[in-house]
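Observations on the three-dimensional arrangement
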Amino acid sequence: MSYQLYRNTTLGHTLQESLDELIQYGQITPQLACKVLLLFDKSINMTLATRVKSRLTFKAGKLNTYRFCDNVWTFMLNDVEFREVQEITKVDKVKIVACDGKNVGDEGSSKK
């Protein structure tokens, strides 16, 4: 199963709202909406893992909290500086959720 954390993005929220509206008007079933969301999860995870090539570095003034649960790291950082080639961006607080991307591609080849 793919990570569902991208459902909490603008794109994910918009998709969920559109699906809810289609269900409300009886144009699709809740089961079809669930299948669409699962396909969204799988597609966005695979696309980000295979097509995104840009890299950036960051430096935090303070690591506020960190947690590792269910193979997912969560970091809360303060006074963070992001750097991409020549561009620098500074933020007061940032939350980073990091998942193992290697498991994303294994879905099709595992048990069915």
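Keep in mind that what you see is a predicted model, and the values were worked out from it rather than measured.

Thoughts on unusual backbone geometry
With a phi angle near 55 degrees, Asp70 is a residue other than glycine that sits in the positive phi range. Mapped onto the secondary structure, Asp70 falls in the loop between strand S1 (57-69) and strand S2 (72-84). A relative accessible area of 69% means that Asp70 is categorised as exposed. At Val85, a residue that is not glycine, the phi angle is positive and equals roughly 50 degrees. In this fold, Val85 is placed in the loop between S2 and strand S3 (87-99). Given the relative accessible area of 76%, Val85 is considered exposed.

Describing the confidence of the model for the protein chain
Of all residues in the protein chain, 88% attain a pLDDT of 70 or more, and the chain-wide mean is 86. Of all secondary-structure elements in the protein chain, the lowest mean pLDDT belongs to helix H2 (residues 30-51), at 91, while helix H1 (residues 10-24) reaches the highest, 95. Across residues 104-112, where pLDDT falls below 50, the model places six contacts with residues more than four positions away in sequence or in other chains.

As for the sheet that holds S1
Taken together, the three strands give an open sheet; going across it, the order is S1-S2-S3, and neighbouring strands pair in antiparallel fashion. The outermost strands of the open sheet, each flanked by one partner alone, are S1 and S3. Adjacent strand axes in the sheet meet at a mean angle of 10 degrees, parallel and antiparallel pairs treated alike. The sheet contact formed by S1 and S2 spans eleven bridges and is antiparallel. When the bridges of S2 are listed, Lys62 appears paired with Asn78.

Criteria and thresholds
Residues numbered from 1 in each chain as written. Predicted model: local features only at pLDDT ≥ 70, side-chain atom pairs only at ≥ 80, totals over all residues. Heavy atoms only, no water. Helix = DSSP H or I, 4+ residues; strand = E, 2+ residues; numbered from the N terminus. Buried < 20%, exposed > 50% of the residue type's maximum accessible area, 1.4 Å probe, protein only. pLDDT = per-residue confidence, 0-100. Contact = heavy atoms within 4.5 Å. Pairing = 2+ DSSP bridges. Axes fitted to C-alpha atoms, helices over the stretch in contact; angles between N-to-C directions.

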